[in-house]
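Residues per chain are reported as follows:
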Amino acid sequence: MEAITPITHALGTFETLHELRYTFFGSLKRVSDKWNLLREHRSQRSLMHRVREHIEQQYGNGNLSLQLLSEEFGISKNYLSRLFKDEFGENFIDYVADVRMQHARRLLEETSLSIQEIAAQVGYEHYFTFNRAFKKTTGFPPSDFRKKQEM
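Residues numbered from 1 in each chain as written. Predicted model: local features only at pLDDT ≥ 70, side-chain atom pairs only at ≥ 80, totals over all residues. Heavy atoms only, no water.

Helix and strand counts for the protein stand at eight helices and zero strands. Counting only residues that meet the buried cut, the protein has 32% of its 151 residues in that class. When the accessible surface of the protein is summed, it comes to about 10,300 Å², and 53% of that surface belongs to carbon and sulfur atoms. (Helix = DSSP H or I, 4+ residues; strand = E, 2+ residues; numbered from the N terminus. Buried < 20%, exposed > 50% of the residue type's maximum accessible area, 1.4 Å probe, protein only. Areas by Shrake-Rupley, 256 points an atom, 1.4 Å probe, with all protein chains shown as cover.)

Below, the structure is given as structure tokens:
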């Protein structure tokens with residue numbers, strides 16, 4: 001509709017073929033630009049969903065970072081960070097921490113693995129870092145969380 005209205009109007013009012021051509025090509029250019037933006041947005045959405053799937057699969061990798069993902073997906077880390085935030089409404093670091101904590105809670109509830117083993121499985125090299133992150137997320141240290149689940 002956006003291109004048809006000006007073209008239809010021009011057909012009824014043009015005085016020269018140049019005027020008609022100018023209106024026609026200008027309208028088509030605007031439509032083409034919008035299609036390109038939509039196509040780019042769809043492509044970015046697809047990329048971000050692939051990035052999120054990659055995070056879900058690699059959350060246990062302690063080296064998982066924007067830098068690593070930017071190298072793997074071939075885009076700058078700043079651009080990746082912005083696209084991720086735009087698409088999912090939270091920043092990369094918070095998302096990765098949430099994924100890791102979800103898996104940690106599940107492991108604490110369903111396994112008898114030590115807290116150190118769970119920390120390593122969800123991507124934390126140091127127990128203390130994991131303990132601090134877990135407590136920040138749940139309000140309890142992992143050991144207390146496990147005890148509450150056993151009751």
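Additional details are given in the paragraphs that follow.
Formed by 31 residues in total, the largest nonpolar core has its most connected members in Met-48, Val-51, Ile-55, Leu-69, Phe-84, Phe-92 and Phe-130. Among the elements that line this core, the one with the most residues is helix H5 (residues 92-110), at eight residues. (Core = buried A, V, L, I, M, F, W, Y, C linked by side-chain atoms within 4.5 Å.)

Quick look at H5 now. Taking 1.5 Å of rise per residue, the 19 residues of H5 would be expected to cover 27 Å, and the 27 Å separating its terminal C-alpha atoms lies within 8% of that figure. Three or more residues of H5 are buried, namely Phe-92, Tyr-95, Val-96, Val-99, Arg-100, Met-101, His-103, Ala-104, Leu-107 and Leu-108. (Expected span 1.5 Å × (residues − 1).)

The next thing to look at is the environment of Arg-146. Its place among the elements puts Arg-146 in helix H8 (residues 142-150). Under the relative-accessibility criterion, Arg-146 is labelled buried at 13%. In contact with Arg-146, other than residues within four places in its own chain, are Leu-107, Leu-108, Thr-111, Ser-112, Leu-113, Ser-114 and Ile-118. In terms of polar contacts, Arg-146 uses its side chain to reach the backbone carbonyl oxygen of Leu-113, at 2.8 Å. (Contact = heavy atoms within 4.5 Å. Polar contact = N/O pair within 3.5 Å; in protein donor to acceptor, adjacent residues only side chain to side chain.)

All of the buried residues along H8 are Pro-142, Phe-145 and Arg-146. One side of H8 holds all its buried residues, which, seen down the axis, span an arc of 95°. Those residues of H8 that are buried are in contact with H5, helix H6 (115-121) and helix H7 (127-138). (Arc of directions from axis to C-beta.)

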